Amino acid sequence: MNINKVVLPVAGLGTRTLPATKALAKEMLTLVDRPIIQYAVEEALSAGIREIIFVTAQAKKIIRDHFEPNTMLEQELARRGKQDLLELVKNIPPPGTVCRYATQPVPLGLGHAVLCARRLVGDEPFAVILPDDLIHHPTDTCLQQMMEMYQEKNASVVAVENVAREQVSRYGIVETGNDVDGVKKMKSIVEKPAPHEAPSTLAVVGRYIFTPGIWPLLETTRRGAGSEIQLTDAIAALLGKEDVYLCEFQGTRYDCGSILGLMRANVEYALRHDVIGAEFEAYLADLVKNNGV
Ligand code: G1P
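Here's what I pulled together on the structure shown here. Everything quoted here is computed from the prediction, not taken from an experiment. Throughout this description, residue numbers start from 1 for each chain and increase along the sequence as written. Since the coordinates come from a predicted model, pLDDT governs what is reported: local features require at least 70, and pairs of side-chain atoms require 80 or more to be given and counted, while whole-chain, interface and lining totals use all residues. Side-chain measures here rest on the full set of heavy atoms in the structure, leaving out hydrogens and waters.

Description of the overall build of the chain
Working step 1: Strands are runs of DSSP state E lasting at least two residues, helices are runs of H or I lasting at least four, and both sets are numbered from the N terminus onward. When you go through the chain residue by residue, the secondary structure sums to 11 helices and 13 strands.
Working step 2: With the principal axes as the frame, the chain shows a C-alpha extent of 60 × 50 × 40 Å.
Working step 3: Three labels apply to residues, based on accessible area from a 1.4 Å probe with only protein chains included: buried if under 20% of the type maximum, exposed if over 50%, partly exposed otherwise in between. Burial status across the chain gives 48% buried among its 293 residues.
Working step 4: In this analysis, two residues are considered to be in contact whenever any of their non-hydrogen atoms come within 4.5 Å of each other. The long-range fraction of contacts in the chain, counting pairs at least 24 apart against all pairs at least 6 apart in sequence, stands at 74%.

Written as structure tokens, this is what we have:
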């Protein structure tokens, strides 16, 4: 069955990026020339998904504004003859994309946020992207790579990456089972273990494809780590019923939920940028030659 829908949980508080995110949604922080959330939408579109379901907190109307037409701006750009900019803003999102919104009324955790999208997703497989985890690949996005695995296995798929042992307590950590035709199956998963208790250093990053089998398990998941309803605990329950595969994706991940990660992403995306890349690289080289600021 094809995957047509993606859930983007965007209801988090952004405490790691304060004070920038005191009033601004963290997903609206800028990465070179567009907000972080737009990269997540672009990745979903790259994987053939056309329906985007945002799970927002009430306070995040700005995200909705970004993906809705801005008539005043469009009229003004047309009047000034700025055709390129007009096309640019009219294409957010590209024609044929459907944006829907679910509200997470209380911040009860990632599992709860995904559950808030249940009515809009319905009884079909779906993807989840956590926009904070930005993943770059020059040709095949992480979700495209996962989609291929899903088409082959017809089962849930989770993206994983090796992290340093002292960092495991920031992630869902998996234990791997046997390889099936070169693809690893998940054997167990635990949310944010202490380094000495972690079953491995293979961390779940913010990309998931789920069969609808996850829904009843999310419904019954109780509060876990951090007193939140954890997606990880629902995945652990899913393992008792269905296979879950691990996608050790190709690409570079940036943690845009932290200031340092966001700065790294800004520098590297700016270096790759069509318009400003070359000039920015010359500027950086100059800065380094002169021993910084
Ligand atoms: C969430 C998940 C965690 C996953 C991480 C990836 O944690 O609960 O399992 O490893 O995203 O970024 P959070 O970053 O919301 O604390």
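A word on the side chain of Thr 141
Working step 1: Within the fold, Thr 141 resides in the loop between strand 7 (133-136) and helix 7 (142-153).
Working step 2: Here a polar contact is taken to be a pair of N or O atoms separated by no more than 3.5 Å, where protein atoms must pair a possible hydrogen donor with a possible acceptor and residues adjacent in sequence count only if both atoms sit in side chains. A polar contact of 2.8 Å, which involves the side chain of Thr 141, links it to the side chain of Ser 46.
Working step 3: When neighbours within four sequence positions are excluded, Thr 141 is seen to be in contact with Glu 43 and Ser 46.

Topic: the site of the ligand
Working step 1: In the region of the ligand, the neighbouring residues are Leu 110, Leu 130, Asp 133, Tyr 171, Gly 172, Glu 191, Lys 192, Val 204, Val 205, Tyr 208, Gln 230 and Thr 232.
Working step 2: Measuring from an oxygen atom of the ligand, one finds a backbone N or O atom of Gly 172 at 2.9 Å.
Working step 3: For the ligand, an oxygen atom lies 2.7 Å from a polar atom in the side chain of Lys 192.
Working step 4: A 1.4 Å probe and the Shrake-Rupley method give the accessible areas. Residues count as covered only by the protein chains that appear here. Contact with the protein chains hides 76% of the accessible area of the ligand, taken as 380 Å² for the molecule alone. Only a single heavy atom is needed: when it lies within 4 Å of a molecule or strand, its residue is near that molecule or strand.

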